[in-house]
Amino acid sequence: MLESNGELTAKQIREIDKLVDGEQLKMLAETNNGIKMMMDLLEGADSDELAEGILDIFKMSDNIRTIEDFNAFMRSKVRGGDFTGEVKPGMLLSEGRGVMINSVLSGPKTPLRALLGTTTNSFLNAINEAAGATLRSPFTGDIASRTASIAKLKGMFELVPESFTFFRKTFKSKWNADIADIRTRFSEGPTRGDESWNAVAKWTERHGTVGDKAAFYAANVARTLNNNKLLTWSPRVMSSIDETFKHLMVRARAKEIGFREALEAAGGNFDKLTPDILKEAENNYLKTILDADGNVDFKKDSFLKKQFQEITLTSPLKGIAGELDTVFKKAPLIQPFYLFARTGINGLNFTYKNTPLLGALHKESIDILSHRGDDFTKLKAKYGIENANDLANARNLFAGRQAVGAATVMTFAGMYQAGQLTGNGPADKGLKQNWINAGWKPNHFYVGDVGFDYSSLEPYNTIFSAIADVGDNIELMGSEWAEKRLQAIAFVIGRGLQGKTYLSGLDQMMQMAQFKPGAWEKGAGNIMNNSIPLAGMRNEFGKWINPHMKELNSDMWDSIRNRNQFLEPFAGDKLPEKSDILNGKPIKNWNIIGRSFNAISPIQMDVRSSSPGRKLLLDSNYDLKSTTYAYGGYSFTKNAKVRAHFQNAIGTVPITVGYKKFKNVEEALNYLATRQDVKNSMAQMKANVNNPASYDINPNTYPHNTLIDNVMNQARSKAWAKLRQPDHP
């Protein structure tokens, strides 16, 4: 109890001293025990490397005081698990995750897709900033920002030849680097040292259990794979690409900053600016941001750092996304379903900013437009904006994104109206698959009959697919869609965002949790395939030598075989091929030139068949859902071979319309497309699409769909009869 003056009594002070002395003695004893144990281990070390490793391990944790603590720490390091309240993934899972990431990224398209995306993002930002500054200058009178942004854009184009030279130099360095030093937008290199690894190896051999040894041996194999240059070629290339664009952006930023500083020194007089003065100002900036070895110090320019993270999709995840990422890191067994979260979510965020109207609702846009005054503390912390010039650049970028985005949306909306743009397709999965079987390609834009897959065209790919998805699903008719029209649109747009943000793995995990048919088999097949090196390379090589789309069952073995089609020539019972139900030809029937281009190009190309009959079928609202999945009371959903033969037979049997005979379904539909009654029926249906009172009309009641139904039923009947012949394979 305290004395009346509020101070401790002499007795209380003596008691506290005893307690402190006791704790100090206890801590001293623990420290002495820890030091003694460390010295014993060091004395037993048979090499300098092992001794260094033991010292490194003691640096990692201050909770190692006894040999039991040391063993527990080493076991958690090898196997993973809890050590003094801290959960560690362990060497086995960490190295295994590295093998999986390198395997998935090994395809030839991956670095080219990264190059295309970064190039598009960086130059688009520069174009948008210049466009925004030009549009705003009549209202703001900020001629300096307009000229500086144009100088920056001009500089980026001028620096392209130099960038190739810089890339070759950087790639040579990255190729010879330890994989632990390689950082990409998709992965962070593992933090490790040979000394620590050797120390763990020695401990495992001397003190580890059978389980410890098995885990370490497996981790050591994975580590060897992760150190192999061939198996990690893609991350090395992508790291070189990011370094090259960092160099390009620094040089372009130097032109902008140099121009502003030179203009300020000239008192705002443009006539006093000379090439020598501008060059000197650029060099002054470069001396500030580059160290003695030529490395970029982003601490000297936070706005540049923010811009670089934005174009490379490497901004740190915050909010719900950051929390979700943390959860998955703490549960390493489910990480295979969430490998590239940061890249995907940042890509979605970048698309959001570039979407007209919606981009104005982005929190960053609101903060930038609403800022007043000279205090940039909050803007610097969030967006790297340090001064009024950076704020002007950010506002110009916003204005340019709105203007360029609006022009892009209007252009591609017109392309959709002209039948030159496709999206994710209808909300119904079965209907979408039969569209594909009828020759339709998702996520393509067309120049004539030559189509290009725009999935890799950041940041507008989601915008393009949303335009087409709204159009495709707003025209669905019948009682099934009358009340679900908006839900269908929201669903397909959400499905597009899911693929965009690499969250398809989460969807797969949820399907597995719900025990949906085939979900566990597909999930296990994906994980097994990706756990073996060069999964991406094997997949692309298989498509190159065996390009036709395959008809698959929902099982693990078909999933694995489909990703390793280069082995199909050696298989006894080959995977069945999908056929176009209109003419029986294989889907994705590319020649050697087309398949070679598509094997390495991030933008896939194909030539579509644009016959009048095919267009009639896809525009007709005819229900194709059950065309190839069942007939005569039999279901083919679990038999890929029967489905494949049925598709082929539908496309190859002769068709009769009235007294006219046709070679196949496509020729019969071509004839129907020329008939005036069919044209009138199509026109009436399209007019009713915009009439809410007609939404629930069954589309099969229109005359054109009655005629199409007669053709398709005739084809299915003859195809089934063909399959039931004794001599059919």
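Please read these numbers as outputs of a predicted model, since none were measured by experiment. (Residues numbered from 1 in each chain as written. Predicted model: local features only at pLDDT ≥ 70, side-chain atom pairs only at ≥ 80, totals over all residues. Heavy atoms only, no water.)

**Description of the overall build of the chain**
Point 1. If you tally the helices and strands in the chain, you get 31 helices and nine strands.
Point 2. The burial tally for the chain puts 47% of its 729 residues in the buried class.
Point 3. At a minimum sequence separation of 6, the contacts of the chain that also span at least 24 residues come to 70%. (Helix = DSSP H or I, 4+ residues; strand = E, 2+ residues; numbered from the N terminus. Buried < 20%, exposed > 50% of the residue type's maximum accessible area, 1.4 Å probe, protein only. Contact = heavy atoms within 4.5 Å.)

**Examining the sheet that holds strand β4 (residues 450-453)**
Point 1. The strand order across the open sheet built from three strands is β3-β4-β5, with neighbouring strands paired in antiparallel fashion. Looking at which strands have only one partner, the edges of the open sheet turn out to be β3 (444-447) and β5 (605-607). Adjacent strand axes in the sheet meet at a mean angle of 30° when their direction is disregarded.
Point 2. Relative to β4, β3 runs antiparallel, the two being bridged by four bridges. Paired with Val447 across the strands is Val450, a residue of β4. (Pairing = 2+ DSSP bridges. Axes fitted to C-alpha atoms, helices over the stretch in contact; angles between N-to-C directions.)

**Some points on the pattern of salt bridges**
Point 1. Counting across every chain of the model gives 32 salt bridges.
Point 2. Here Asp677 makes a salt bridge to Arg675, at a shortest N to O gap of 2.9 Å.
Point 3. Each of the salt bridges in this network shares a partner with another, and the network as a whole consists of Glu129, Lys152, Arg253, Glu256, Arg260, Asp301 and Asp390. (Salt bridge = Lys/Arg side-chain N within 4 Å of Asp/Glu carboxyl O.)

**Examining helix α31 (residues 703-723)**
Point 1. Over its 21 residues, α31 runs 30 Å from end to end, which matches the ideal 30 Å to within 8%, given 1.5 Å per residue.
Point 2. Along α31, the positions that sit buried rather than exposed are His704, Asn705, Leu707, Ile708, Val711, Met712, Gln714, Ala715, Arg716, Ala719, Trp720 and Leu723. (Expected span 1.5 Å × (residues − 1).)

**Remarks on the packing of helix α4 (residues 90-104) against helix α23 (residues 519-530)**
Point 1. With their axes 8 Å apart at the nearest point, α4 and α23 run at an angle of 90° to one another. The angle between α4 and α23 places the two elements in the roughly perpendicular class. From α4, Val99, Met100, Ser103 and Val104 reach across to α23, where they touch Ile527, Asn529 and Asn530.
Point 2. Among the residues making up the contact of α4 with α23, the classes are represented as four nonpolar, three polar and no charged. (Parallel < 35°, antiparallel > 145°, perpendicular 65-115°, else oblique. Nonpolar A, V, L, I, M, F, W, Y, C, P; charged D, E, K, R; others polar.)

**As for unusual backbone geometry**
Point 1. For the bond running from Glu458 to Pro459, omega is -5°, close enough to zero to count as cis.
Point 2. Positionally, Pro459 belongs in the loop between β4 and α19 (461-474).
Point 3. At Leu313, a residue that is not glycine, the phi angle is positive and equals roughly 60°.
Point 4. Examined against the element boundaries, Leu313 turns out to sit in the loop between α12 (302-311) and α13 (319-330).
Point 5. Overall, Leu313 belongs to the buried group, its relative accessible area being 8%.

**Quick notes on the packing of aromatic side chains**
Point 1. Considering all chains together, one arrives at 23 aromatic pairs under this definition.
Point 2. For the pair Phe167 and Phe171, a centre-to-centre distance of 6.1 Å together with 15° between the ring planes defines the contact as stacked. Of this pair, Phe167 and Phe171 both sit in helix α7 (residues 160-175), separated by four residues, roughly a single helical turn.
Point 3. By relative accessible area, which is 25% here, Phe167 ends up partly exposed.
Point 4. Overall, Phe171 belongs to the partly exposed group, its relative accessible area being 27%.
Point 5. Ring centres of Tyr454 and Phe464 lie 5.5 Å apart, and the angle between their planes is 90°; this geometry places the pair in the edge-to-face category. (Phe/Tyr/Trp six-rings, centres within 6.5 Å; stacked < 30°, edge-to-face > 60°.)

**Digging into a nonpolar patch on the surface**
Point 1. On the surface, Phe541, Trp544, Ile545, Ile592 and Ile593 cluster together to form a nonpolar patch covering roughly 470 Å² of accessible area.
Point 2. Elements represented by at least two residues in the nonpolar patch include exactly α24 (535-545) and α26 (592-600).
Point 3. Top element by residues in the nonpolar patch is α24. It accounts for three residues.
Point 4. Topologically, Ile545 is positioned in helix α24.
Point 5. A relative accessible area of 31% means that Ile545 is categorised as partly exposed. (Patch = residues over 30% accessible without salt bridge, like charges linked within 9 Å, V, L, I, M, F, W, Y side chains within 5 Å. Areas by Shrake-Rupley, 256 points an atom, 1.4 Å probe, with all protein chains shown as cover.)

**Brief notes about helix α9 (residues 210-227)**
Point 1. With 18 residues, α9 extends 26 Å from end C-alpha to end C-alpha; this agrees with the ideal 26 Å at 1.5 Å per step.
Point 2. Along α9, the positions that sit buried rather than exposed are Asp212, Ala215, Phe216, Ala219, Ala222, Arg223 and Asn226. The arc that holds the buried residues of α9, viewed along the axis, is 125°, so those residues lie on one side. Summarising the geometry of α9, the exposed residues directed more than 90 degrees from the buried face are Val210 and Val221. (Arc of directions from axis to C-beta.)

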